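Single-letter residue listing:
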Amino acid sequence: MSTVDLHTLTGAYALHALSDEERGAFERHAADCEACAREALELSETAARLGLAVSVSSPSALKSRVMRRITAVRQDSPRVVPLTRPPGGGIRARRLSRWALAACVAGVAAFGGTTVWQYERAQDASEQARRSERRTDAIAAVLAASDARTAGAELAGGARGTVVVSKSRDEAVFIASGMAAPPSGKVYQLWFDDGGTMRSAGLMDSHRTAEAVLLEGAVDGASGMGITVEPAGGSAEPTSDPVALMTFPA
Amino acid sequence: MKEAVHIGKNPSAEPDLQDLMGSVALGDQQAFAGLYDVVAGPVIGVVRGVLRDQAQSEEVAQEVLVEVWRSAARYRRERGSVINWVLTLAHQRAVDRVRSVEASAAREHRAALLDHAPEYDEVTEQVEARLEREQVRRCLRTLTELQRQSVTLAYYRGLTYREVAESLALPLGTVKTRLRDGLIRLRDCLGVTA
Ligand SMILES: [Zn+2]
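Residues numbered from 1 in each chain as written. Chains lettered and ligands numbered in written order. Predicted model: local features only at pLDDT ≥ 70, side-chain atom pairs only at ≥ 80, totals over all residues. Heavy atoms only, no water.

Quick look at the overall build of chain B
When helices and strands are counted, chain B shows 10 helices and 0 strands. In chain B, the succession of helices and strands from N to C terminus is α-α-α-α-α-α-α-α-α-α. Expressed as a percentage of its 194 residues, the buried residues of chain B come to 55%. Sequence-distant contacts in chain B: of pairs separated by 6 or more residues, those separated by 24 or more amount to 65%. Of the roughly 8000 Å² of accessible surface on chain B, 48% is carried by carbon and sulfur atoms. (Helix = DSSP H or I, 4+ residues; strand = E, 2+ residues; numbered from the N terminus. Buried < 20%, exposed > 50% of the residue type's maximum accessible area, 1.4 Å probe, protein only. Contact = heavy atoms within 4.5 Å. Areas by Shrake-Rupley, 256 points an atom, 1.4 Å probe, with all protein chains shown as cover.)

Here is the structure:
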C-alpha cells in the first residue's frame, strides 16, 4: 500500500474497520508520521464519544460479578510495562488535555440519569423522575446549543468545575465533580455575579459530589458565577465568602 | 426523605478518571468500583450494538471490565483519555468476537444484517446518557448521508470498511474517505482536540 493510501486510513483505523494486515501497516506508518498518529488519536477520541452516546444502564448483577472476579485476578505490574512503545501496541501522540468537559458530562450524565432514580425509593419517585427529566432536558439544551461556550476551573480541595453558557438561550449550566459534601446542615448555593453583586441562582443537591445544575434565572449579562456555603434552604444574599468564583467564557 | 445518592462508595472522593485509573493500577478495588460506575454503561452499550445478543454482550462486557482492572497499569495518558482507552478495548473485543464467529460460521446471518443499515435511533433505543446523546445526535446530523451511514455501520455495527463498502455498494476508496472525513467533521462539531 502506498504512503498516500496509508494517510487516508486514520478514520478506518480509529473505528477498528481495518484488516489485521492493514492495521499493522498503518501502525508502522504512524510510528513515524506525527500527523497520522495525531489524527488517528483524535478520531479515536471522537469514536469514543459515539460510544458514550449509546451508554445503557448496567445491570447490578454484572457489577457484583465483575467486583467478585477482580479479587481473583492478578493485575499486570506497572514495572513490567515497557516505557517505550511495544511492537504493534498502538500509537503514541502528544498528551490530550481537553478531556475535562466530556468526562464531566459523561460522568454526570450517567449519574444524573437512571442511576440516581434507581436508588430513589420515595413514593413520588415518578414525579421526581419527570421533574428531573425536565431539568436534564434543559441542561441538554444548553450543552447542545450551537453557541455553547465552556470554561473550566480547579476548585478548592481538588474539585473541578465547568461552566457552560449559551448566549442565545441566556442560560448557564454548572458541572461539578469531586466537590466535598457541605458541612452538616449547610448547602452550596450558586450565584450569578453581576459585576460584584451576587444574585441567587439556586442550590446544589447536597447529596451529590458530581452534578450538573441549570443555574436558576437568566444569565442576563452576568460576568460570572460564585458558590457559597449557606444554611439549609439557602440565603437571600451570600452570608459567607465564596468557596469558588468563576468567570463566564467570553 | 430522599436517600443520599453517592458515586461509588465514598461520596467525598470522586476524583477525575485519570486519578481513578492511577489508583486502580495500584490495586485499589474501591477506585475500580468508581471507575466501573462511569464506564460500564458505555461499555455495555458499545458491545451490545456490535454483538446484538444479550448473553454474549454481557459476557464480552464482563471480560472487558475485568481486563480494565488487569491492565490498568498499561494505560498512558499521553495516548488519550481514560474513556477512550476503555471504549477502544470494548469496541475491539466486540469486533474480535463478531469476526471470529463470522470466520467460523455465521456468514449468512451477517449478510442478512448487512442488507439493513441501522438507523441511529434504533441503535440508541435504550440510551440513557442524554446529554452526550444530544450532542452526538446533533453532530451526526451535520454529516452527509454517506458519511453518517459509513461511520455508524463501522462503529455501531463493527463492520470492516470492506463490509461497509459491500453493504452500501460503494468503492473501497470512497468508504475509506467517508470514514475519515465523516469522523473529522464529527470531531470538529464535538470540539474534540488533541
Ligand atoms: Zn501519515
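A look at the coordination of the zinc ion
Working reference: metal with six octahedral donors, ideal angles 90 or 180 degrees; metal with four tetrahedral donors, ideal angle 109.5 degrees. Residues and elements named next belong to chain A. Looking at the zinc ion, the protein donor atoms are His7 (ND1), His29 (NE2), Cys33 (SG) and Cys36 (SG), and they sit 2.1 to 2.3 Å from it. Bound by 4 donor atoms, the zinc ion shows angles of 91 to 133° at the metal and therefore tetrahedral coordination geometry. The sequence pattern describing where the donors of the zinc ion fall on their chain is H-x21-H-x3-C-x2-C. (Donors = N, O, S within 2.8 Å, 3.2 Å for Na, K, Ca; no water. Tetrahedral: all angles 85-135°; square planar, octahedral: opposite > 155°, others 65-115°.)

Structural notes on the pattern of salt bridges
Summed over the entire model, instances satisfying the criterion amount to 16 salt bridges over all chains. A salt bridge links B:Arg187 to A:Glu42, with the nearest nitrogen and oxygen atoms 2.6 Å apart. Of this pair, B:Arg187 sits in helix α10 (residues 172-190) while A:Glu42 sits in helix α4 (residues 34-52), which puts the two residues in different chains. An identical accessibility class is assigned to B:Arg187 and A:Glu42; each is buried. Across the pair B:Glu63 and B:Arg97 runs a salt bridge, and its minimum N-O distance is 3.4 Å. Of this pair, B:Glu63 sits in helix α3 (residues 54-70) while B:Arg97 sits in helix α4 (residues 82-104), and the two are 34 residues apart along the sequence. For B:Glu63, a relative accessible area of 36% puts it in the partly exposed group. Salt bridges here are not isolated pairs; linked through shared partners, they connect A:Glu42, B:Arg187 and B:Asp188. (Salt bridge = Lys/Arg side-chain N within 4 Å of Asp/Glu carboxyl O.)

Some thoughts on the state of the cysteines
Residues and elements named next belong to chain B. By the definition in use, this model includes 1 disulfide over all chains. Bridging Cys139 to Cys189, the disulfide has an S-S length of 2.0 Å. The S-S bond linking Cys139 to Cys189 shows a torsion near -80°; that makes this disulfide left-handed. Taken as a pair, Cys139 in helix α7 (residues 130-140) and Cys189 in helix α10 lie far apart in primary sequence, 50 residues in all. Note on Cys139: relative accessible area 0%, which makes it buried. (Disulfide = S-S within 2.5 Å.)

Some words on unusual backbone geometry
In this model, A:Asp220 sits at a positive phi of 50°, which is unusual for a non-glycine residue. Mapped onto the elements of the fold, A:Asp220 is located in the loop between β6 (211-214) and β7 (224-231). Even without being glycine, B:Arg52 reaches a positive phi, approximately 55°. Here B:Arg52 lies in the loop between α2 (29-51) and α3. For B:Arg52, a relative accessible area of 43% corresponds to the partly exposed category.

Here we look at the packing of aromatic side chains
Inspection of every chain in the model, using the stated rule, returns 6 aromatic pairs over all chains. Consider the rings of A:Tyr13 and A:Phe26, whose centres lie 4.8 Å apart with planes at 35°: the pair is tilted. With A:Tyr13 in helix α2 (residues 10-14) and A:Phe26 in helix α3 (residues 20-30), this residue pair connects regions lying 13 residues apart in the sequence. When sorted by exposure, A:Tyr13 lands in the same class as A:Phe26, which is buried. Judged by centre distance (5.7 Å) and plane angle (65°), the rings of B:Tyr75 and B:Trp85 are edge-to-face. In this pair, B:Tyr75 is assigned in the loop between α3 and α4 and B:Trp85 in helix α4, connecting sequence segments 10 residues apart. Assessed through its relative accessible area of 10%, B:Tyr75 is described here as buried. Given the relative accessible area of 21%, B:Trp85 is considered partly exposed. (Phe/Tyr/Trp six-rings, centres within 6.5 Å; stacked < 30°, edge-to-face > 60°.)

Side note on the nonpolar core
Side chains of nonpolar character tend, in soluble globular proteins, to be buried together. Ranked by size, the top nonpolar core spans 88 residues in total, and within it B:Phe32, B:Leu35, B:Val43, B:Leu179 and B:Leu186 carry the most contacts. Sort the elements by how many residues they give to this core and α2(B) lands first, with 14 residues. Within the second largest apolar cluster, 24 residues are counted, among which are A:Ala151, A:Ala176, A:Met225 and A:Met246. (Core = buried A, V, L, I, M, F, W, Y, C linked by side-chain atoms within 4.5 Å.)

Focus: the pairing of β7(A)
Residues and elements named next belong to chain A. Summarising burial for β7: 7 of the 8 residues are buried, a large majority. Of the pairings in the sheet, the one linking β7 to strand β8 (residues 244-247) comprises 4 bridges and is antiparallel in character. In the sheet register, Gly224 faces β8, and the bridge partner there is Thr247. (Pairing = 2+ DSSP bridges.)

What about α2(B)?
Residues and elements named next belong to chain B. Along its 23 residues, α2 runs just 29 Å from first to last C-alpha, ending more than 12% under the 33 Å computed at 1.5 Å per residue. Of all the bends in α2, the greatest reaches close to 45° and is centred on Val39; the proline Pro42 follows between one and four positions later. Across the 23 residues that make up α2, a large majority, 20, are buried. The distance from a side-chain oxygen at the start of α2 to the backbone nitrogen of Gln30 is 2.9 Å, and the residue carrying that oxygen is Asp28. (Expected span 1.5 Å × (residues − 1). Bend = angle between axes of the 7 residues up to and from the residue. Polar contact = N/O pair within 3.5 Å; in protein donor to acceptor, adjacent residues only side chain to side chain.)

What about the sheet that holds strand β4 (residues 186-194) of chain A?
All names here are of chain A. Spatial strand order, β5-β4-β7-β8: 4 strands in an open sheet with antiparallel pairing. Both outer strands of the open sheet, β5 (197-203) and β8, are each paired with one neighbouring strand and no more. Adjacent strand axes in the sheet meet at a mean angle of 30°, parallel and antiparallel pairs treated alike. Sheet analysis places β4 next to β5, joined by 5 bridges and oriented antiparallel. Across the sheet, residue Trp191 finds its bridge partner in β5, namely Ser200. (Axes fitted to C-alpha atoms, helices over the stretch in contact; angles between N-to-C directions.)

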